[in-house]
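Given next are the chains, with one letter for each unit.
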Amino acid sequence: MASAVSSGFVCHICGERHVLPLSYSVNGPEAVMAIPPEEFESRLTITRDQCVVDGKDFYLRGRIPIPIHGMDEPFIWGVWAEVSPKNFLHTAELWNTEGREQGPPFTGYLNNQLPIYGDTLNLEVGIQTQPVGRRPSFFVKDAEHLIAREQRDGISLARIEQIAEFMYHPAAS
Ligand SMILES: [Zn+2]
């Protein structure tokens, strides 16, 4: 199945062969989109993994892993979640601490829209810290939501192709 991934797939929408990504990521939380660029400097602090808006809203970048049937590595959505000030500071304090992944999960709320799943803004997630150097894993709590079902049951290669078609041609889907 890995070879099927490396050779790409033939798109049902345009008929071309596309690369088949096994991950997608967004560069910042949705909240950043609401800030006019001229106000970034005064209102926004953002790195590759952490974001603070107006000194009071805190966001962490993480990964929603979705098992792929027949493969060892999961499919990944790289997204952001809003977290409490306390959990943000706690995460920052432990950033380079070995064994930090042994801490309990904490709660966050997705701060990105993933349109292929409908409305994902503010979905509650459990956040599990990973070993130093790896982004935290997010687990969607609303068991009835499609993304939570896929995270629980896993997805097929055909579904990953469907996701790719949507991402390559959002207007056609
Ligand atoms: Zn296409």
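Scroll up a little and you will see the structure.
What counts and how
Residues numbered from 1 in each chain as written. Predicted model: local features only at pLDDT ≥ 70, side-chain atom pairs only at ≥ 80, totals over all residues. Heavy atoms only, no water. Helix = DSSP H or I, 4+ residues; strand = E, 2+ residues; numbered from the N terminus. Rg over C-alpha atoms; globule rule 2.2 N^0.38 Å. Buried < 20%, exposed > 50% of the residue type's maximum accessible area, 1.4 Å probe, protein only. Contact = heavy atoms within 4.5 Å. Areas by Shrake-Rupley, 256 points an atom, 1.4 Å probe, with all protein chains shown as cover. Salt bridge = Lys/Arg side-chain N within 4 Å of Asp/Glu carboxyl O. Donors = N, O, S within 2.8 Å, 3.2 Å for Na, K, Ca; no water. Tetrahedral: all angles 85-135°; square planar, octahedral: opposite > 155°, others 65-115°. Arc of directions from axis to C-beta. Polar contact = N/O pair within 3.5 Å; in protein donor to acceptor, adjacent residues only side chain to side chain.

Student: Which parts of the structure should I look at to understand the overall build of the protein?
Tutor: The helix and strand inventory of the protein stands at six helices and 10 strands. Expected size for 173 residues packed as a compact globule is a radius of gyration near 16 Å; at 17 Å, the protein falls within 12% of this value. With the C-alpha coordinates aligned to their principal axes, the bounding extent of the protein is approximately 50 × 40 × 30 Å. Per-residue burial over the protein gives 43% buried out of 173 residues. Of all intrachain contacts in the protein linking residues separated by at least 6 positions in sequence, the fraction that spans at least 24 positions is 56%. On the protein, roughly 9400 Å² of surface is accessible, and the fraction owed to carbon and sulfur atoms is 53%.

Student: I'm lost on the pattern of salt bridges in this one. Help?
Tutor: A pair can form between side chains of opposite charge whenever their charged atoms are brought close. Throughout the structure, instances matching the rule amount to seven salt bridges. Between Glu-124 and Lys-141 there is a salt bridge, with the nearest N and O atoms lying 3.4 Å from each other. Separated by 17 residues along the polypeptide, Glu-124 in strand β9 (residues 124-128) and Lys-141 in the loop between β10 (137-140) and α5 (146-153) bring together distant segments of the chain. Owing to a relative accessible area of 43%, Lys-141 belongs among the partly exposed residues under this scheme. Among the ionic pairs, Asp-153 bridges to Arg-152, the shortest N-O distance being 3.4 Å. Residue classification places Asp-153 among the partly exposed positions, given a relative accessible area of 48%. Via salt bridges that share partners, Glu-39, Arg-43 and Asp-54 belong to a single interconnected network.

Student: In this structure, what is going on with the coordination of the zinc ion? I would like to understand it.
Tutor: Note on metal geometry: ideal angles are 109.5 degrees for four donors arranged tetrahedrally and 90 or 180 degrees for six donors arranged octahedrally. The zinc ion binds to the protein through Cys-11 (SG), Cys-14 (SG), His-18 (NE2) and His-169 (NE2); the donor distances cover 2.0 to 2.4 Å. Coordination geometry of the zinc ion: the four donor atoms subtend angles of 103 to 116° at the metal centre, consistent with an arrangement described as tetrahedral. If you list the donors of the zinc ion from N- to C-terminus, the spacing comes out as C-x2-C-x3-H-x150-H. With Cys-14 in the loop between β1 (9-10) and β2 (17-18) and His-169 in the segment after α6 (157-168), this pair connects stretches of sequence that are 155 residues apart.

Student: Explanation requested: α5 in the structure shown.
Tutor: One full turn of an α-helix is made of 3.6 residues, so residues set three or four places apart face in the same direction. When α5 is considered as a whole, its buried residues turn out to be Ile-147, Ala-148, Glu-150 and Gln-151. Seen along its axis, α5 keeps its buried residues to an arc of 160°; they face one direction. Immediately downstream of α5, the backbone of Gly-154 shows phi near 85°, a positive value.

Student: What's the story with the side chain of Asn-112 in this structure? I'm lost.
Tutor: Positionally, Asn-112 belongs in the loop between β8 (106-110) and β9. Under the relative-accessibility criterion, Asn-112 is labelled buried at 3%. In terms of polar contacts, Asn-112 uses its side chain to reach the backbone carbonyl oxygen of Gly-28, at 3.0 Å. Setting aside residues up to four positions removed in sequence, Asn-112 forms contacts with Val-26, Gly-28, Pro-29, Glu-30, Val-79, Trp-80, Thr-120 and Leu-121.

Student: Just to check I follow, could you spell out the environment of Tyr-24 for this structure?
Tutor: Relative to the assigned elements, Tyr-24 resides in strand β3 (residues 23-25). For the pair Tyr-24 and Gly-78, spaced 54 residues apart in sequence, the C-alpha separation works out to 5.9 Å. If near-sequence neighbours (up to four positions away) are discounted, Tyr-24 is found in contact with Phe-75, Ile-76, Trp-77, Gly-78, Ile-163, Ala-164 and Met-167.

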